[in-house]
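If you want the building blocks of each chain, they are given just below.
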Amino acid sequence: MTISDAIKATVGQPGPIGVFDSGYGGLTILRSLKQALPDADFIYLGDNARAPYGNRSFDLIYHFTLEAVRYLFAKGCQLIIIACNTASAKALRTIQQRDLPLLDASRRVLGVIRPTAEIVGELSKTGAIGLVGTPGTVASKSYDIEIEKLHPDLRLYSKACPMWVPLVENMESDSEGADYFVKRDLNDLFSKANDIDTLILGCTHYPLLIEKIRKYSPAGINILPQGDIVSSSLTDYLKRHPEIDTRITRGAVTDYITTEEPDKFSTLAAVFMGAPIKACRVHSLTDL
Ligand code: DGL
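Treat the numbers as computed from the prediction; the structure is a model and nothing was measured.

Bringing the pairing of strand β2 (residues 42–46) into the picture now. Within β2, 5 of the 5 residues are buried, leaving the element largely enclosed by the surrounding structure. The alternating pattern of β2 places F42, Y44 and G46 and I43 and L45 on opposite faces, both of which are buried. Across 5 bridges, strand β1 (residues 17–21) lies against β2 in parallel orientation. Among the inter-strand pairings, G18 is bridged to a residue of β2, identified as I43. Regarding the hand of the β-α-β motif, the stretch spanning β1, helix α2 (residues 27–36) and β2 is right-handed.

Pasting the structure below:
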C-alpha cells in the first residue's frame, strides 16, 4: 500500500499519537508525554539517518518534516507532535496551513515553540529571556516572533549552539568537549545582558546537557527544558478538543521507529527513557 492510500484508509480512525524528531531529542518530550497520558498509545519516529537538521536549509527541513508527517499519518496517527524546535520553526506553519488541508484537515500537527513561548511570561521577573537553540531555530526568529506577539514587554537574547546536538547524538554529553562548548556558548549568551533570569532550552536534545548548562549558568536562573511544558499544554489541548482526544487509542503501547541502525537507537534511547526499548527501522519515510 502506498503512503497516500494508507492515509486515506485511516481517515477518522483512532490511532496513536505521533512524536517526531530529527533524532533522539524528541524522546525528552515523549518521556513527559507518557507520564502525562499514561494510557495513550504513541509512535516515536527519529530520523536519525538524516540528523542533525539544525544546520540544514529551510527547504530540506520542510521536505524531511513533511515526509515524517505523511509517514506517521499513514501509520494511523491523528495527532502529531513535532518534538523538534528546528522542524517546528522551519516547517510547521507551512504544513499546518498548506499541506494539512490536502492530506486530511481533521488531523492535527502541533509544535513545541508556541507552548514554550506562552509560559516564559509567567516566569521572568526581569523581563530578560535567554534562548539557546540550533542555528536553524535561532535564524528562523520563531521564538522572537511568538514572544513578541504574546509578551511584548519581554527582551529575548538568543545564541545558536551548532555543536550541542552533535555532542548529544554522538554520546559525548558527559565529555570535556561538551564542557568546552557549553561554557563558551553560555558565556557568550550571558555577556549580552546581565539580567537574564530565564533560559529557554530551545532544542529537545539539550536536556541531556542540563548538568553542564546549570554549571555554566548564573546561580538561581530558571532553566526551561520543554518536556513538561509541552505535555501540560497537550493535556490542556485534549481537554478543549474532545474530537481529537477520542481519536487517540489507549492501550499504553509505544512503538519506536528510526531511519538508522535500530540496535544503536535502542541502546541510546533507553538512556533517554530510563527503561529498555526495542526500536525497528524504516529505510525510507516514503515506504511503509
Ligand atoms: N531536537 C532538535 C531540536 O529541537 C534538534 C535539531 C537537529 O537535529 O539539529 O531542534
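Here the focus is the site of the ligand. Taken together, 13 residues lie near the ligand, and S22, Y53, G54, T86 and T204 sit nearest. Coverage of the ligand by the protein chains reaches 100% of its 300 Å² of free accessible surface. In terms of residue class, the shell around the ligand is made up of 5 nonpolar, 7 polar and 1 charged.

Bringing the sheet that holds strand β7 (residues 198–202) into the picture now. Within the open sheet, the 4 strands sit side by side as β6-β5-β7-β8. Their pairing is parallel. Either end of the sheet is taken by a strand with one partner, and the two such strands are β6 (155–160) and β8 (222–224). Taking the axes of each pair of neighbouring strands and ignoring which way they run, one obtains an average angle of 20° across the sheet. Inspection of the sheet shows strand β5 (residues 128–133) paired to β6 by 6 bridges, in the parallel sense.

Further remarks concern the packing of helix α5 (residues 113–123) against helix α7 (residues 142–150). Between α5 and α7, the least distance of the axes is 9 Å, while the angle of their chain directions is 45°. With respect to each other, α5 and α7 are oriented oblique. Of the two elements, α5 crosses α7, and the hand of that crossing is right-handed. Contact residues: α5 offers I113, R114, T116, A117, E118 and V120, while α7 offers S142, Y143, E146, I147, K149 and L150. Looking at the contact of α5 with α7, its residues break down into 6 nonpolar, 2 polar and 4 charged.

To continue, consider the packing of aromatic side chains. For the structure shown, the criterion picks out 9 aromatic pairs. Measuring from ring centre to ring centre gives 5.9 Å for Y24 and F272, while their planes differ by 20°; the resulting arrangement is stacked. Here Y24 is found in the loop between β1 and α2, whereas its partner F272 is found in helix α13 (residues 262–273), with 248 residues between them in sequence. Judged by its relative accessible area of 2%, Y24 falls in the buried class. What makes F272 buried here is its relative accessible area of 6%. An angle of 5° between the planes, with centres 6.4 Å apart, marks the rings of F58 and Y62 as stacked. With F58 and Y62 both in helix α3 (residues 58–74) and 4 residues apart, this pair spans about one turn of that helix. An aromatic cluster of three or more residues is present, and its members are Y24, Y44, Y256, F265 and F272. Between the NZ or CZ atom of R50 and the centre of the ring of F64, over which it lies, the distance is 3.8 Å. One residue, R107, lies across the ring of F73, its end atom 4.9 Å from the ring centre.

Calculation notes
Residues numbered from 1 in each chain as written. Predicted model: local features only at pLDDT ≥ 70, side-chain atom pairs only at ≥ 80, totals over all residues. Heavy atoms only, no water. Buried < 20%, exposed > 50% of the residue type's maximum accessible area, 1.4 Å probe, protein only. Helix = DSSP H or I, 4+ residues; strand = E, 2+ residues; numbered from the N terminus. Pairing = 2+ DSSP bridges. Right-handed = clockwise from strand over helix to strand, strands pointing away. Near = heavy atom within 4 Å. Areas by Shrake-Rupley, 256 points an atom, 1.4 Å probe, with all protein chains shown as cover. Nonpolar A, V, L, I, M, F, W, Y, C, P; charged D, E, K, R; others polar. Axes fitted to C-alpha atoms, helices over the stretch in contact; angles between N-to-C directions. Parallel < 35°, antiparallel > 145°, perpendicular 65-115°, else oblique. Left-handed = near helix turned anticlockwise from the far one by under 90°. Contact = heavy atoms within 4.5 Å. Phe/Tyr/Trp six-rings, centres within 6.5 Å; stacked < 30°, edge-to-face > 60°. Lys NZ or Arg CZ within 6 Å of the ring centre and 35° of its normal.

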